[in-house]
Amino acid sequence: MMHNSAPEKPESQPGAPAWKEIVSKYQKPEVWRGVWQIVNTLVPYGALWYVMYLSQQVSYWLTVPLAILGGGFLVRVFIIFHDCGHGSYFKSRRANDILGFITGVLTLTPYYQWRWEHALHHSSAGDLDRRGTGDVWTLTVQEYLEAGRWKRFAYRLARNPIVLFVLAPLFLFVVRQRFVTPKAPWRERQSVYWTNLALLGLGTGLSLVFGLKAYLLIQLTVIMVAGSAGIWLFYVQHQFEGVYWERGEHWDYTTAALKGSSFYKLPKVLQWFSGNIGFHHIHHLSPRIPNTSWKSAIGPSRFSRR
């Protein structure tokens, strides 16, 4: 919940022409780094699945720490998926779409529908008049005070840590993303159907190999870990003290990127697993910068927030 106030743009902050010039040289896919990222992410992730299957023959408690590690790799898979959705991972749009669909199946996320919704998020983050797509439910203080008892209860429940970081991720990835968004265009709707069909085939195949119980235990545990980490990252990227929110007529893209997206400093190992997504203000300044370049862009960019 936030107060409806508009922080002033710092005088030292570069204007639109300046930041566009600064970040433009980083808006190029790094093909070999991207290929290596695919290898060092998908190969270990696949190997972990097999090791988790073997560990269940000893004890599920041995599977749990492996599943936590698998969840970390799945977060990294999602970052690759995310970059494909922005068309920044490869130069070829077709290559981005193919890899995006594959990683979307692995993360239980329909590629085209998610890309459409995420584009709306980027174009409206911090805009009070365009909330509701790809956001954590957020009310102003005044809206909360004027809300009825049940709406207040629902709002507080939705932001309860157990609901937000444990139950919500499972619901979002396992249930919600199996259905189309009512306002989505036809191609985006089709992506939900094709993803569901691919998941049915993949789940059936792995169940035949591992057994249904083993497959479900591994899949749900990994999704819960990755989903909780992902929702947490998304939450702290746009929900913090002093975060930028403004009404539509006063909303500014550059200010929303720099003051409405956090610079989340993580230990290097977590930066690796999260694909440098903590440099989120850089990402919102220019979604065309691939994750392999976000860390490089922050040094000379003069956009370090804290």
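Being a predicted model, the structure only gives us computed values, none of them experimental.

About the criteria used
Residue positions are given per chain, counting from 1 as you read along its sequence in written order. It should be noted that, the model being predicted, local features are given only for residues of pLDDT at least 70 and side-chain atom pairs only at 80 or more, the latter also being counted only at that level, while totals for whole chains, interfaces and linings use all residues. The side-chain numbers reported here are obtained from all heavy atoms of the structure, hydrogens and water having been left aside. In this analysis, the protein atoms alone were mapped onto a 1 Å grid. Cavities are point sets where a 1.4 Å probe fits without being able to get out; pockets are open sets with protein on both sides within 12 Å along at least five of seven lines; lining residues have an atom within 4 Å of a point. Grid points are joined across faces, edges and corners, and a volume is the space filled by probe spheres set on the points. Only DSSP runs of H or I reaching four residues or more are called helices, and only runs of E reaching two or more are called strands; each is numbered from the N terminus. Aromatic contacts are taken between Phe, Tyr and Trp rings whose centres are within 6.5 Å, Trp giving its six-membered ring; a plane angle under 30 degrees counts as stacked, one over 60 as edge-to-face, and the others as tilted. Relative accessibility decides the category of a residue: with a 1.4 Å probe and only protein chains considered, values under 20% of the type maximum give buried, values over 50% give exposed, and everything between is partly exposed. A ring is considered to have a charge above it if a Lys NZ or an Arg CZ atom is located within 6 Å of its centre and within 35 degrees of its normal. By the convention adopted, Pro, Cys, Tyr, Trp, Phe, Met, Ile, Leu, Val and Ala count as nonpolar, Lys, Arg, Asp and Glu as charged, and the other residues, Gly among them, as polar. Contact criterion: two residues are considered in contact whenever any of their non-hydrogen atoms come within 4.5 Å of each other. Contacts described as polar in this section are N or O atom pairs within 3.5 Å, which, within protein, must combine one atom able to donate a hydrogen with one able to accept it, while residues neighboring in sequence count only if both atoms come from side chains. Definition of nonpolar core: a set of buried residues of the types Ala, Val, Leu, Ile, Met, Phe, Trp, Tyr and Cys, connected through side-chain atoms within 4.5 Å. Whenever Lys or Arg places a side-chain nitrogen within 4 Å of a carboxyl oxygen from Asp or Glu, that contact is recorded as a salt bridge. To estimate how far a helix should extend, the number of its residues minus one is multiplied by 1.5 Å.

Time to look at the layout of surface pockets. Size it by volume and the largest pocket reaches roughly 1,400 Å³. Lining of the largest pocket is provided by 45 residues; of these, Gly134, Asp135, Leu172, Ile231 and Phe234 occupy positions nearest its centre. Those elements giving two or more residues to the lining of the largest pocket turn out to be helix H3 (60-85), helix H5 (111-124), helix H8 (161-175) and helix H10 (212-238). For the lining of the largest pocket, the element with the most residues is H10, which contributes eight residues.

Glancing now at the packing of aromatic side chains. Under the defined criterion, the tally for this structure stands at 23 aromatic pairs. Seen in terms of ring centroids, Trp251 and Tyr253 are 6.3 Å apart; in terms of plane orientation they differ by 85°. Their pairing is edge-to-face. Using a relative accessible area of 18% as the deciding quantity, one classes Trp251 as buried. One aromatic cluster in this structure is built from Phe78, Phe81, Tyr111, Tyr112, Trp114 and Phe173. For Arg130, the ring lying beneath its charged end belongs to Trp251, and the centroid distance is 5.0 Å.

The subject of this paragraph is unusual backbone geometry. Even without being glycine, Leu108 reaches a positive phi, approximately 60°. Inspection of the secondary structure assignment puts Leu108 in the loop between helix H4 (93-106) and H5. For Asn276, which is not glycine, the phi torsion reads 60° and is therefore positive. Within the secondary structure layout, Asn276 lies in the loop between helix H12 (268-273) and helix H13 (280-285).

Per the stated rule, a full pass over the model turns up one cavity of 30 Å³ or more. Put simply, the largest cavity is a space of about 110 Å³. Lining the largest cavity we find 14 residues, and of these His121, Gly126, Asp135, His238 and Trp245 sit closest to its centre. At the level of secondary structure, the elements contributing two or more residues to the lining of the largest cavity comprise H10 and helix H11 (253-260). Across the lining of the largest cavity, the residue classes break down as seven nonpolar, six polar and one charged.

Here we come to the environment of Thr221. Positionally, Thr221 belongs in helix H10. C-alpha of Thr221 to C-alpha of Ala67: the two residues are 154 residues apart in sequence and 6.3 Å apart in space. In this structure Thr221 touches Tyr60 and Ala67, once residues within four positions along its chain are discounted. Side chain to side chain, Thr221 and Tyr60 meet in a polar contact 2.5 Å long.

Bringing the nonpolar core into the picture now. By size, the foremost hydrophobic cluster in this structure holds 26 residues, and its most contacted members are Tyr45, Trp49, Met52, Leu74 and Val222. Within the residue set of this core, elements represented by two or more residues are helix H2 (31-55), H3, helix H9 (186-210) and H10. For Tyr45, the contacting residues outside a window of four places in its chain are Gly70, Phe73, Leu74 and Val222. Ranked by size, the runner-up nonpolar core spans ten residues in total, among them Ile38, Cys84, Tyr89 and Leu99.

A few words on the pattern of salt bridges. Taken as a whole and assessed by the stated rule, the structure comprises six salt bridges. As a salt-bridge pair, Arg33 and Glu30 come within 3.3 Å of each other at their nearest N and O atoms. With relative accessibility at 46%, the residue Arg33 sits in the partly exposed group. The residue Arg247 makes a salt bridge to Asp129 at a minimum N-O spacing of 2.8 Å. Taken together, the residues Arg247 in the loop between H10 and H11 and Asp129 in the loop between H5 and helix H6 (141-146) connect sequence positions 118 residues apart.

Attention now moves to H9. The α-helix advances 3.6 residues per turn, and as a result positions three or four apart in sequence lie on the same side. In this model, H9 (25 residues) spans 36 Å end to end at C-alpha, consistent with the 36 Å of a helix rising 1.5 Å per residue. On its buried face, H9 is in contact with H2, H4, H5 and H10. Among the residues trailing H9, Gly211 stands out with phi positive, at a value near 100°.

Here Ser207 lies in helix H9. You can call Ser207 buried: its relative accessible area is 16%. The residues touching Ser207, leaving out its near neighbours within four places in the chain, are Leu212 and Tyr215.

Distances and angles like these do not, on their own, reveal function.
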